Amino acid sequence: MDSRSAGAGNEVLYVDIYIDEHEPRRGILDLLSRLRPHWKEQNIQMKTFTEGITNQLIGCYVGSVQEPGCVLVRLYGRMTELYVNRDREMEMFQVFHAHGCGPQIFCSFQNGICYEFVRGTVLDDKLLQQPSIYRLIAAEMGRIHSIQPKCGPPVEPLLWTKMFHFLTLVQGKINSSSTEQQCTESPVALREVPSFETLSAEMESLKKHLSRIDSPVVLCHNDLLTKNIIYNHKEGMVKFIDYEYADYNYQAFDIGNHFNEFAGVNDVNYSLYPGQELQRDWLLAYLESYKHSTGREVAVTEAEVTQLYIQVCKFSLASNFFWGLWAILQSHYSSIDFDFQSGRGWTCTVPPVSVSCRYAMARLTFYFEKKEEYFGLPVSEREARGAALSGMRCSVTTL
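In what follows, the accompanying structure is described. Since the structure is predicted, the reported quantities are computational estimates derived from the model, not experimental observations. (Residues numbered from 1 in each chain as written. Predicted model: local features only at pLDDT ≥ 70, side-chain atom pairs only at ≥ 80, totals over all residues. Heavy atoms only, no water.)

**Re the nonpolar core**
I137 and W282 are the most contacted members of the largest nonpolar core, which totals 100 residues. In terms of residue count, the dominant contributor to this core is helix α8 (residues 302–333) (18 residues). When we break this core down by domain, the ones giving at least three residues each are domain 1 (12–117) and domain 2 (120–175 + 189–398). Apart from residues no more than four positions distant in its own chain, W282 is found in contact with Y134, I137, A138, M141, I255, H258 and F259. Counting 19 residues, the second-largest nonpolar core is a separate cluster that includes L35, W39, V73 and L75. (Core = buried A, V, L, I, M, F, W, Y, C linked by side-chain atoms within 4.5 Å. Buried < 20%, exposed > 50% of the residue type's maximum accessible area, 1.4 Å probe, protein only. Helix = DSSP H or I, 4+ residues; strand = E, 2+ residues; numbered from the N terminus. Domains from an automatic or database assignment. Contact = heavy atoms within 4.5 Å.)

In structure tokens form, the structure reads like this:
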């Protein structure tokens, strides 16, 4: 065993063992003999909480899983190091924990990490629509977004660097296919993976448009689906887990990404995407928390909610595009039993490059459906006045 820096002022214990993802018990027991030497092997119970989308997660405990002391062992999915920075993930673990927003990390090992169990239950998709729940989520995100980086050079947003990296990896997979994968004439009705040229052009279009928006760069979770939210009913609180993609990023991206997750993962259904009334109420709770946590006047105006609403709409496009690229990669690399091509919980038997990546298509299709509408939303009062005047001229012309 040795220690490795996690970049947050402390060192994380490193245990030099490899745990077999197909038969993990023996390796986990070896790990626990070092982390929990007082536990008797015959009393140790293990429970697979979820097989996740890219990783396996196993809870280890003596007595009850909800009692203090439960250890979570996460086994990394195959090839995830291609698109997840594991050193940065451990840094984020420590930052979130230091500010009371996340669990303690106990150690890392060759193919995973071990950390504290957060008591509560994984949030159900339906609960996202309940005001008492989504306001808790909004407030917690506001707290996290208020966490300031240590002194140093200005932080850079993760979005474009990570998206470009995904696009580069996708290029190799699309170009290696003997089957040409092109967009249909109507991009809203996608049936196949768009070509690399189409994806590249869309990324540039997104970057050009979103670069005009003054969204603050804050500490973001960047992957806030329901499986990453733990709800503690007794304490009336929520906590966010899983920091594989956590980093500094655009405020509006983190929120827009969460709104996209209302549609679900296993069966993506965008009819569940939150309406404007719910979004505005969510954003009000968020801004109250964010302002309070940053020491500013808590009162929130309608104009502030509207401005953030427009920014979130626009950055939600980047979220769908980002995870669309991610899903294409997953269909090639992941060893977890999840069909990234259809978005269902089994592995497709058809070679991934010969069929549409339907999970990716769900995200990309919604991106194309909303792009024109969201690009057209005014980002400033000047643009809003111009749009209003244009609308008046159109009305006069049609009289």
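**Some details on the packing of helix α3 (residues 131–145) against helix α6 (residues 251–260)**
Remark: α3 packs on α6, axes separated minimally by 12 Å, with the N-to-C direction vectors making an angle of 155 degrees. It follows that α3 is roughly antiparallel to α6 by the angle criterion. At the point where α3 passes α6, the crossing takes the right-handed sense. Mapping the contact onto sequence places I137, M141 and H145 in α3 and Q251, D254, I255 and H258 in α6. Of the residues that constitute the contact of α3 with α6, the class distribution is 3 nonpolar, 3 polar and 1 charged. (Axes fitted to C-alpha atoms, helices over the stretch in contact; angles between N-to-C directions. Parallel < 35°, antiparallel > 145°, perpendicular 65-115°, else oblique. Left-handed = near helix turned anticlockwise from the far one by under 90°. Nonpolar A, V, L, I, M, F, W, Y, C, P; charged D, E, K, R; others polar.)

**Let's talk about the pairing of strand β7 (residues 112–116)**
Most of β7 sits out of view: 4 of its 5 residues are buried. Pairing geometry for strand β5 (residues 71–75) and β7, over 5 bridges, is antiparallel. Across the sheet, residue V73 finds its bridge partner in β7, namely C114. Where strand β6 (residues 105–109) hands over to β7, the hairpin turn is made up of 2 residues, counted between the paired strands. (Pairing = 2+ DSSP bridges.)

**Focus: the pattern of salt bridges**
Applying the stated criterion across every chain yields a total of 17 salt bridges. Salt-bridge contacts for R135 lead to D281; the nearest nitrogen and oxygen are separated by 2.8 Å. Here R135 is found in helix α3, whereas its partner D281 is found in helix α7 (residues 276–293), with 146 residues between them in sequence. Here the salt bridges do not stand alone but share partners, grouping R74, R86, E89, D242 and E244 into one network. (Salt bridge = Lys/Arg side-chain N within 4 Å of Asp/Glu carboxyl O.)

**Observations regarding the sheet that holds strand β10 (residues 229–232)**
Sheet architecture is open: 3 strands sit in the order β8-β10-β11, paired in antiparallel fashion. Sheet topology places β8 (121–122) and β11 (237–240) at the edges, where each strand pairs with a single neighbour. Strand direction decides the pairing type here: β10 and β11, joined by 4 bridges, are antiparallel. Looking at β11, one finds that Y231 is bridged to V238.

**A word on the packing of α6 against α8**
The interhelical angle for the contact between α6 and α8, taken along N-to-C directions, is 70 degrees, at an axis separation of 7 Å. As summarised for this structure, α6 and α8 are arranged roughly perpendicular, according to the angle between their axes. At the point where α6 passes α8, the crossing takes the right-handed sense. Listed contacts from α8 to Q251, A252, F253, I255, G256, N257, F259 and N260 of α6 are L308, Q311, V312, F315, S316, A318, S319, N320, F322 and W323. Counted by class, the contact of α6 with α8 contains 10 nonpolar, 8 polar and no charged residues.

**Comments concerning the environment of S215**
By secondary structure assignment, the location of S215 is in the loop between α5 (196–210) and β9 (217–220). Look at S215 and you get buried, because its relative accessible area is 5%. Between the C-alpha atoms of S215 and Y250, which are 35 residues apart in sequence, the distance is 5.8 Å. Apart from the residues lying within four places of it in its own chain, the contact partners of S215 are Y250, Q251, A252, Q311 and F315.

**Things to note about the side chain of R363**
For R363, the location among the structural elements is in helix α9 (residues 358–375). Ignoring sequence-local partners within four residues, the contact set of R363 consists of N257, N260, E261, Y270, S319, N320, W323 and G324.

**Focus on the side chain of N320**
Looking at where N320 falls in the secondary structure, it is placed in helix α8. Residue classification places N320 among the buried residues on the basis of a relative accessible area of 1%. A polar contact is formed between the side chain of N320 and the side chain of R363, at a distance of 2.8 Å. With sequence-adjacent residues up to four places away left out, N320 is seen in contact with N260, Y270, R363, L364, F366 and Y367. (Polar contact = N/O pair within 3.5 Å; in protein donor to acceptor, adjacent residues only side chain to side chain.)

**So, the packing of aromatic side chains**
Across all of its chains, the model carries 19 aromatic pairs by this definition. Between F166 and F322, the ring centres sit 4.8 Å apart and the planes meet at 40 degrees, which makes this aromatic pair tilted. Of this pair, F166 sits in helix α4 (residues 159–175) while F322 sits in helix α8; the two residues are 156 residues apart in sequence, bridging distant segments of the chain. A relative accessible area of 0% places F166 in the buried class. By relative accessible area, which is 3% here, F322 ends up buried. Ring geometry for W323 and W326: centres 5.2 Å apart, planes at 80 degrees, overall edge-to-face. One end of the pair, W323, and the other, W326, are both in helix α8, 3 residues apart, so they sit about a helical turn from each other. On the accessibility criterion, W323 (3% relative accessible area) is buried. (Phe/Tyr/Trp six-rings, centres within 6.5 Å; stacked < 30°, edge-to-face > 60°.)

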